[in-house]
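Okay, here's what each chain looks like letter by letter:
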Amino acid sequence: MSFHLATKDEKELFNSFATHPLQSWEWGEFREKTGISVIRLINLNKKQSVQITIHKIPHSPFTIGYIPKVTLPDAQMISEVKKIAKKYNCIFIQFEPNVPTDMAKDEALKALGLTPSFHPLFTKYTFVLKLTPSEEQLLKDMHPKTRYNIRVAQRHDVKVQETNNKEAFQTYWQLTEETTKRQHFFAHTKHYHELMWETLNKKNPHGLEAHLFIASYLPPEEKKRIPLASWIIFTFNNKLYYPYGASSNLFRNVMASNAIMWEVIKFGKEKGLKEFDMWGSLGENPDTKDPWYGFHRLKQGYNPALIEFLGSYDLVMNPLLYQGYKLADKLRWLFLRNK
């Protein structure tokens, strides 16, 4: 059997084949709400599912396809994706396989006509923590400074709660704005985050679920607790994921981020999840001046395994326009960084 367009009746089966939240049916529903075209292919014989998002290039008839965190592409998958690319007038389609790095697999992808991408969108590395050990063992395996920081948060009575309502989302967004200003990096718009939250904040045992956590602190002589950190985490196919997090500039000495990390880990264990994918890291020898270094160091303290992925590859459909797009993209990012 070959690939065919997945139907709603195949939703659970589609999700069971997916290896990452960004390949889940529900993530596709969210992306459709943002105005993006979503194509879902399924191969029942090979137990493969492929979710493609199609992104219009402004003021042109052309598009770009994106396939994040997919299973390892093969000749049959490439053949089907090419049909989609032609139908939607794609200059290229970017693949980012959810597959650990391997020289033989890298060569196999190049043999299929894929070229290393000029602009990877997903991080090449992530941290993955096994959730099956006991809490005592997880604490023992941590960096001593991380254990100490968790105790600091406990001594300061930092409270962490899962709160899935509109008020909690507003708190999350306020902290997100604070974080992006402090760290000088780009984030999706509030509308994007709201649509994501509204779509995924639902009970869904056979698909993608989002949960919102807030860590708060009551300063001396104050009457109301202050939110210091907020995370949106995903659960999908027996795994826990940490895609979005934000923190306040205030009271950083009470270690709210360590408190929320530890409570999220315990949440995952209570749910019976097997692994915690921390959604990215800087790699083996991170630059301490990188704006993401603080997030990297926080995650690293919990002693997760560092995973390196194959990386990003482009299936080029129009070589001439592809070269022009590469130049335009380079100029765009140069402009944004110098604003």
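Let us look at the structure shown here.

Rules used in this analysis
Residues numbered from 1 in each chain as written. Predicted model: local features only at pLDDT ≥ 70, side-chain atom pairs only at ≥ 80, totals over all residues. Heavy atoms only, no water. Axes fitted to C-alpha atoms, helices over the stretch in contact; angles between N-to-C directions. Helix = DSSP H or I, 4+ residues; strand = E, 2+ residues; numbered from the N terminus. Left-handed = near helix turned anticlockwise from the far one by under 90°. Contact = heavy atoms within 4.5 Å. Nonpolar A, V, L, I, M, F, W, Y, C, P; charged D, E, K, R; others polar. 1 Å grid on protein atoms, 1.4 Å probe; cavity = no way out; pocket = protein on both sides within 12 Å on 5 of 7 lines; lining within 4 Å. Points joined across faces, edges and corners; volume = space filled by probe spheres on them. Parallel < 35°, antiparallel > 145°, perpendicular 65-115°, else oblique. Core = buried A, V, L, I, M, F, W, Y, C linked by side-chain atoms within 4.5 Å. Buried < 20%, exposed > 50% of the residue type's maximum accessible area, 1.4 Å probe, protein only. Salt bridge = Lys/Arg side-chain N within 4 Å of Asp/Glu carboxyl O.

We now examine the packing of helix α7 (residues 166–183) against helix α8 (residues 190–200). Between α7 and α8, the least distance of the axes is 11 Å, while the angle of their chain directions is 145 degrees. In the crossing of α7 with α8, the sense of the turn from one axis to the other is right-handed. Residues Phe169, Gln170, Tyr172 and Trp173 of α7 pack against Lys190, His193, Glu194 and Trp197 of α8. Grouping the constituent residues of the contact of α7 with α8 by class yields four nonpolar, two polar and two charged.

So, on to empty space enclosed by the protein. On inspection of all chains with the given rule, the structure shows one cavity of 30 Å³ or more. Here the largest cavity is characterised by a volume of approximately 50 Å³. Taken together, Lys69, Glu96, Pro97, Phe122, Thr123, Lys124, Phe309, Gly311 and Ser312 make up the full set of residues lining the largest cavity. Of the residues in the lining of the largest cavity, the class split is three nonpolar, three polar and three charged.

How two helices pack is summed up by the angle between their axes together with the distance between the axes. Taken N-terminus to C-terminus, the directions of helix α2 (residues 25–33) and α8 make an angle of 140 degrees; their axes are 9 Å apart at the nearest point. Relative to α8, α2 is oriented oblique. Of the two elements, α2 crosses α8, and the hand of that crossing is right-handed. Across from Glu26, Trp27, Glu29, Phe30, Arg31 and Lys33 in α2, the residues of α8 making contact are Tyr192, Leu195, Met196, Thr199 and Leu200.

As a further point, take the nonpolar core. Formed by 34 residues in total, the largest nonpolar core has its most connected members in Trp231, Leu240, Met261, Ile265, Phe276 and Tyr302. Residue assignment for this core shows that the elements contributing at least two residues are β7 (125–130), α6 (144–155), β9 (209–217), β10 (226–236), β11 (239–247), α9 (256–270) and α10 (293–300). The element contributing the most residues to this core is α9, with eight residues. The next biggest cluster of nonpolar side chains, apart from the first, holds 25 residues, and it includes Leu22, Tyr192, Leu208 and Phe234.

Attention shifts here to the pattern of salt bridges. Summed over all chains, the structure comprises twelve salt bridges. In this structure, the salt-bridge partner of Lys83 is Glu80, at a minimum N-O distance of 3.2 Å. Residue Lys83 and its partner Glu80 are located together in helix α3 (residues 75–87), separated by three residues, close to a single helical turn. A residue is classified by how much of its surface remains accessible, and Glu80, at 15% relative accessible area, is buried. Across the pair Asp157 and Arg225 runs a salt bridge whose closest N-O atoms are separated by 3.7 Å. With a gap of 68 residues between them, Asp157 in the loop between α6 and β8 (159–162) and Arg225 in the loop between β9 and β10 connect regions that are remote in the sequence.

Right, let's talk about the layout of surface pockets for a bit. Computed from the structure, the second largest pocket encloses a volume of approximately 630 Å³. Lining the second largest pocket are 27 residues, and of these Ser257, Asn258, Gly294, Arg297 and Leu298 sit closest to its centre. Taken together, the elements giving at least two residues each to the lining of the second largest pocket come down to α6, α7, β10, β11, α9 and α10. Taken together, the residues that form the lining of the second largest pocket break down as eleven nonpolar, twelve polar and four charged.

This part takes up the side chain of Asn258. Note on placement: Asn258 falls in helix α9. In this structure Asn258 comes out as buried when scored by relative accessible area, which is 6%. Among residues more than four places away in sequence, those in contact with Asn258 are Thr146, Asn149, Ile150, Leu298 and Tyr302.

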